[in-house]
Amino acid sequence: MPGLAIEIDAARLMADLRQLATFGKQGTGVTRLAFSRPDIEARHWLRGRMEEAGLVAAIDDVGNVIGEAPAAGPAILIGSHSDSVPGGGWLDGAMGVVYGIEIARAIVEAGLAERCPVDAVAFQDEESTYLPTLGSRTLFGAVSEDEMSVARNIDGHRLADAIAASGFANNPPRRLDGGRYRAFLEAHIEQGPRLEAMQSRIGIVTAIVGIRRFRLHIEGQAGHAGTVPMAMRNDAGAVAIALSHALLETFPTVAGADTVWNIGSLTLSPGAANVIPAGAEITVEIRDTDPTVLDALEERLRALAASQAGTSGQDIVAIRTLDIPPAAMDPALGDQIEAAAEAHGAPWMRMPSGAGHDAMVLCRHMPSAMLFVPSIGGHSHTVIEDTAEADIVLGCRVLADAVARIAGG
C-alpha cells in the first residue's frame, strides 16, 4: 500500500451495519422510508457515529447527514443513502454510508487525518419516496422550489409537511464545496447477479445508466364484447398488446450489449371482461449508458407507435415522463480501485450500473467512482437481499486501500 496504511476493523464495521439495520427492521430487511420515524432515528444515530469517528457532524434541513474531517483538505467524500424502499434490504445504500464512517474512523486512529482527510455522508431520499436523489441534489442547489412544493409520496403527503414534522426544517441548509474534494466514492451492493455469476468479488462501475420512461395512451371505443363483431371493433386493448409485442421484438435489433428495457404496466379501461377496452395505457422504460442507444430506442418506440396507429386507425400518444442522462464515472479513480482490488487478491470486473445512485449527481460536480460487492442471488429491494460478510469486509478494505492510493498521488 503506497505510503498510507488504513486498517479496517471488520467487527466494528459489521456491528455498525447490523445496528443501522435495527432502524425500521422488517424481518431480514428494513422499511426505512425517507422522513419516516425509523429514518429520522437512524439519521440521528448516524450523526452520533460520525462524531465518535472524529468528524464534525450535522444534519441539514432535508436530513442529509454530513461528517467533515477537521483538516482543511483536499478531502475524499465517501457515502451513500440510508433510506430504503418499502420492504427493502439491509445493505442497499446503508453499506456505503457505514463504509464512509469506518474508513474515516480508521484514518483518525492511524494518525492520518491531516494527510488523508475523509468526510462521510448519508444522503436523504435516494429511493424517491418524495423526490429522487433529493438529498444529493439539494447539496448542489439542484432542486427547485417548485419541485419541493409539489412533491408528494404515494399516499399524497406533501414533502414540505414531512420535512417540517421531521424536525429538520430549522437546521441550516448545506451546500457542498466542490473545491474541498478531490473525489467522491460510493460503495454499494451490486443489486444484480453479474458479479456472482462471473465469480468476481469487486465491481468497478464504468458508468451509471441513463433512464427514459414513456407513457403510451391508446384511444379506442367501448362496446359490448358479445355483440360487436371482431372486424368492427375499435379495441384499444388489442392495439396495446400488439404494440407491446412489437416493442419487445424490435428493441433487441437496436440495443447495445448492456441495454435493458421493461414494459412495467399495461392497463385497460374500463377493465371488464364483457366490455371492449375504450382506452389502454402502457409504461415503457429503457436504460443504457450510451445516449445514442437511448435515442435509437426512443426513435424506434415512436415509429412503432405511429405505425400501429396508422394500421389500426386509433390515436396513440407517446409521452416521455422521465429522462435521466447517463453518468460516466472517473476512469482514473476506477484504476485506483482496480489496483486496490489487485493488491487484496480480489477478482474484479468493470461493469455499468443498471440502477441509479447518488454518484450520478456527484459526478457532475467532482470526480466520482463506485465500487460494487456481490449480491447473493442478485436480490435487492427485497427483505431477502444479502451479501456475504467476507465480501462486505473485503469491499471496505479495497475501498480504504483506494483512498490511500488517491490521497497518495
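Preceding block: the structure.
Residues numbered from 1 in each chain as written. Predicted model: local features only at pLDDT ≥ 70, side-chain atom pairs only at ≥ 80, totals over all residues. Heavy atoms only, no water.

Draft legend 1. Layout of the packing of aromatic side chains. Enumeration over the complete set of coordinates arrives at five aromatic pairs. An angle of 75 degrees between the planes, with centres 5.9 Å apart, marks the rings of phenylalanine 35 and tyrosine 130 as edge-to-face. Taken together, the positions of phenylalanine 35 in the loop between strand E2 (29–30) and helix H2 (37–52) and tyrosine 130 in the loop between strand E6 (118–123) and helix H4 (134–138) put the pair 95 residues apart, joining distant regions of the chain. You'll find phenylalanine 35 and tyrosine 130 in the same group, each marked buried. Residues phenylalanine 251 and tryptophan 261 carry aromatic rings whose centres are separated by 5.8 Å and whose planes lie at 75 degrees to one another, so their mutual orientation is edge-to-face. Of this pair, phenylalanine 251 sits in the loop between helix H8 (236–250) and strand E10 (260–269) while tryptophan 261 is found in strand E10, placing the two residues ten residues apart along the sequence. By way of ring pairs, the aromatic residues Phe35, Tyr130 and Phe168 are connected into one cluster. (Phe/Tyr/Trp six-rings, centres within 6.5 Å; stacked < 30°, edge-to-face > 60°. Helix = DSSP H or I, 4+ residues; strand = E, 2+ residues; numbered from the N terminus. Buried < 20%, exposed > 50% of the residue type's maximum accessible area, 1.4 Å probe, protein only.)

Draft legend 2. Inspection of the pattern of salt bridges at higher detail. Here the structure, examined in full by the defined rule, presents 27 salt bridges. A salt bridge links glutamate 51 to arginine 47, with the shortest nitrogen-to-oxygen separation between them at 3.3 Å. Highlighted residues: glutamate 51 and arginine 47, both in helix H2, separated by four residues, approximately one helical turn. Judged by its relative accessible area of 32%, arginine 47 is partly exposed. Note that aspartate 295 and arginine 212 form a salt bridge whose closest N and O atoms lie 2.7 Å from each other. (Salt bridge = Lys/Arg side-chain N within 4 Å of Asp/Glu carboxyl O.)

Draft legend 3. Fine view of the side chain of serine 166. Tracing the sequence through the fold places serine 166 in helix H6 (residues 159–166). Within the local environment of serine 166, its side chain forms a polar contact with the backbone nitrogen of phenylalanine 168, the two atoms lying 3.1 Å apart. When residues no more than four places from it in sequence are discounted, the contact partners of serine 166 are Phe35 and Ile40. (Polar contact = N/O pair within 3.5 Å; in protein donor to acceptor, adjacent residues only side chain to side chain. Contact = heavy atoms within 4.5 Å.)

Draft legend 4. Expanded view of the pairing of strand E9 (residues 210–219). Sheet analysis places E9 next to strand E11 (residues 279–288), joined by ten bridges and oriented antiparallel. Paired with isoleucine 218 across the two strands is alanine 280, which belongs to E11. With eight bridges connecting them, E9 and strand E12 (residues 316–324) associate as antiparallel partners. Residue leucine 216 lies in a different strand from E12, and its bridge partner there is alanine 318. (Pairing = 2+ DSSP bridges.)

Draft legend 5. Examining helix H9 (residues 291–312) more closely. Here H9 contains 22 residues, and its C-alpha end-to-end distance of 31 Å stays within 8% of the 32 Å for a straight helix at 1.5 Å per residue. When we look at burial in H9, the residues that qualify are Val293, Leu294, Leu297, Glu298, Leu301, Leu304, Ala305, Gln308 and Ala309. Viewed end-on, H9 has its buried residues packed into an arc of 145 degrees, placing them on one side of the element. In H9, the exposed positions that point more than 90 degrees away from the buried face belong to Thr292, Glu299, Ala306, Gly310 and Thr311. Turning to H9, the residues buried within the fold contact E9, H8, E11 and E12. Following H9 by one or two positions, glycine 313 adopts a phi angle in the positive range, close to 75 degrees. (Expected span 1.5 Å × (residues − 1). Arc of directions from axis to C-beta.)

Draft legend 6. Examining the sheet that holds E12 more closely. Spatial strand order, E10-E11-E9-E12: four strands in an open sheet with antiparallel pairing. Sheet topology places E10 and E12 at the edges, where each strand pairs with a single neighbour. Taken pair by pair, the neighbouring strands of this sheet meet at an average axis angle of 15 degrees, ignoring direction. Here H8 sits on the sheet in contact with E9, E10, E11 and E12, set at roughly 15 degrees to E11. Of the strands in this sheet, E9, E11 and E12 touch H9, which is tilted by about 5 degrees from E9. (Axes fitted to C-alpha atoms, helices over the stretch in contact; angles between N-to-C directions.)

Draft legend 7. How the structure looks around the layout of surface pockets. Estimated volume of the largest pocket: approximately 1,000 Å³. If you go around the largest pocket, you meet 43 residues; those closest to its centre are Ile211, Arg287, Gly354, Ala355 and Gly356. Residue assignment for the lining of the largest pocket shows that the elements contributing at least two residues are E9, E10, E11, E12, strand E14 (348–353) and helix H11 (359–362). Counted by class, the lining of the largest pocket contains 17 nonpolar, 15 polar and eleven charged residues. (1 Å grid on protein atoms, 1.4 Å probe; cavity = no way out; pocket = protein on both sides within 12 Å on 5 of 7 lines; lining within 4 Å. Points joined across faces, edges and corners; volume = space filled by probe spheres on them. Nonpolar A, V, L, I, M, F, W, Y, C, P; charged D, E, K, R; others polar.)

Draft legend 8. Structural detail: the nonpolar core. Core analysis: the largest hydrophobic core is formed by 78 residues, its most contacted members being Ile103 and Val403. Top contributing element to this core by residue count: helix H12 (residues 389–407), with twelve residues. What valine 403 contacts, discounting residues up to four positions off in sequence, is Ile6, Ile76, Ile78, Ile103, Ile107, Cys116, Val118 and Leu185. (Core = buried A, V, L, I, M, F, W, Y, C linked by side-chain atoms within 4.5 Å.)

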